[in-house]
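What follows is the residue order along each chain.
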Amino acid sequence: MSVSAPRSQGWSTLSVALHWTIVVLIVVQFVDHEWMVAMWRATRRGTEIDPATETWGWVHIIAGTLVLLAALVRLWDRYSHGRPPYPAEEPTWASWLARITHGLIYAILILMPVTGLIAWFGMIGEFGEFHEIMWNPLLVLVALHVAGALVQQFWFKTNVLKRIFVPGTV
Ligand code: HEM
Ligand code: HEM
């Protein structure tokens, strides 16, 4: 199928599974990021790292790397098989707002782990700062995304919620 052709059969099982995997991993990052900052600072200063900080710091690195892989696989699936059409019941401006929000979310889901990996494995402070400044925008975009999904579902009376839970729902 061509890149622009919409998928006629809803989201694939892979795509739905990856959407919710990413959600869980972002919650993990929400919980563990303070430990990562502590591990980063201690490593940069050469001071001792306690075992809990080290464990949670590595959870951050692994979960973040999995976000990168999940986002790339989801994008591959979306571009090779298409995505379900934006619902016809909603106005054009709402579909465009959704497109822009999704685009920015994907960009951050890729740039955050990439900058984090460069900061950590290269011990480059500037990448740590760039990594950090994307966090609040991501939270704002996710809030907008969830609000948008609820508005689509309950105001514009589409079935977007069902299709992100049940693969194959058009
Ligand atoms: C960390 C949290 C989340 C992230 C990063 C995220 C990200 C994304 C992305 C990137 C898409 C794909 C859009 C596309 O490829 O065109 C998507 C679709 C979707 N998400 Fe989320 N999402 C999150 C949480 C949620 C939650 C909590 C809900 C439910 C309330 C939700 C509902 C949806 C729906 C309904 C779609 C499909 C839209 C459609 O079929 O047009 N998302 N999400
Ligand atoms: C989407 C995935 C990721 C998210 C959402 C995320 C989120 C965060 C957050 C919220 C912080 C704390 C910022 C602060 O309050 O100062 C942080 C710090 C950090 N993260 Fe991540 N992270 C992700 C992936 C990664 C990966 C894969 C690495 C690889 C090692 C990494 C390395 C770091 C480092 C080194 C810091 C400390 C940076 C500093 O304090 O300047 N992160 N991350």
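Predicted model only: the values in this text are computed from it and were never measured.

1. Describing the UniProt feature "transmembrane region" (unreviewed entry) in the protein chain
The UniProt record annotates "transmembrane region" (unreviewed entry) at residues 12–31, 56–76, 96–121 and 133–156. What you have in residues 12–31 is 95% helix and 0% strand, and the ends, taken at the C-alpha atoms, are 29 Å apart. This span, residues 133–156, is 88% helix and 0% strand, and a straight line between its end C-alpha atoms measures 34 Å.

2. Quick notes on the coordination of the iron atom of ligand 1
The protein atoms that coordinate the iron atom of ligand 1 are H19 (NE2) and H145 (NE2), at distances of 2.0 Å. Around the iron atom of ligand 1, the six donor atoms sit at angles spanning 88 to 179°, and that spread fits a shape best called octahedral. Here H19, found in helix α1 (residues 13–45), pairs with H145, found in helix α5 (residues 135–154); they are 126 residues apart in sequence, far enough to count as distant. Overall, H19 belongs to the buried group, its relative accessible area being 17%.

3. Considering the UniProt feature "domain: Cytochrome b561 bacterial/Ni-hydrogenase" (unreviewed entry) in the protein chain
Here, the residues flagged by UniProt with the feature "domain: Cytochrome b561 bacterial/Ni-hydrogenase" (unreviewed entry) are residues 11–165. Counting secondary structure, residues 11–165 comes out at 84% helix and 0% strand; the distance between its end C-alpha atoms is 9 Å.

4. Quick notes on the nonpolar core
Among the nonpolar cores identified, the biggest contains 16 residues, and I22, I26, I108, L109, M112 and L138 are the most heavily contacted of them. Of all the elements in the fold, those that place two or more residues in this core are α1, α2 (51–81), α3 (92–122) and α5. For M112, the residues in contact, after removing those within four places along its chain, are H131, M134, W135 and L138. If you look at the next biggest cluster of nonpolar residues, it comprises six residues, including M39, W40, A119 and W120.

Quick notes on the rules
- Residues numbered from 1 in each chain as written.
- Chains lettered and ligands numbered in written order.
- Predicted model: local features only at pLDDT ≥ 70, side-chain atom pairs only at ≥ 80, totals over all residues.
- Heavy atoms only, no water.
- UniProt positions renumbered as here; feature names shortened; annotations may be inferred.
- Helix = DSSP H or I, 4+ residues; strand = E, 2+ residues; numbered from the N terminus.
- Donors = N, O, S within 2.8 Å, 3.2 Å for Na, K, Ca; no water.
- Tetrahedral: all angles 85-135°; square planar, octahedral: opposite > 155°, others 65-115°.
- Buried < 20%, exposed > 50% of the residue type's maximum accessible area, 1.4 Å probe, protein only.
- Core = buried A, V, L, I, M, F, W, Y, C linked by side-chain atoms within 4.5 Å.
- Contact = heavy atoms within 4.5 Å.

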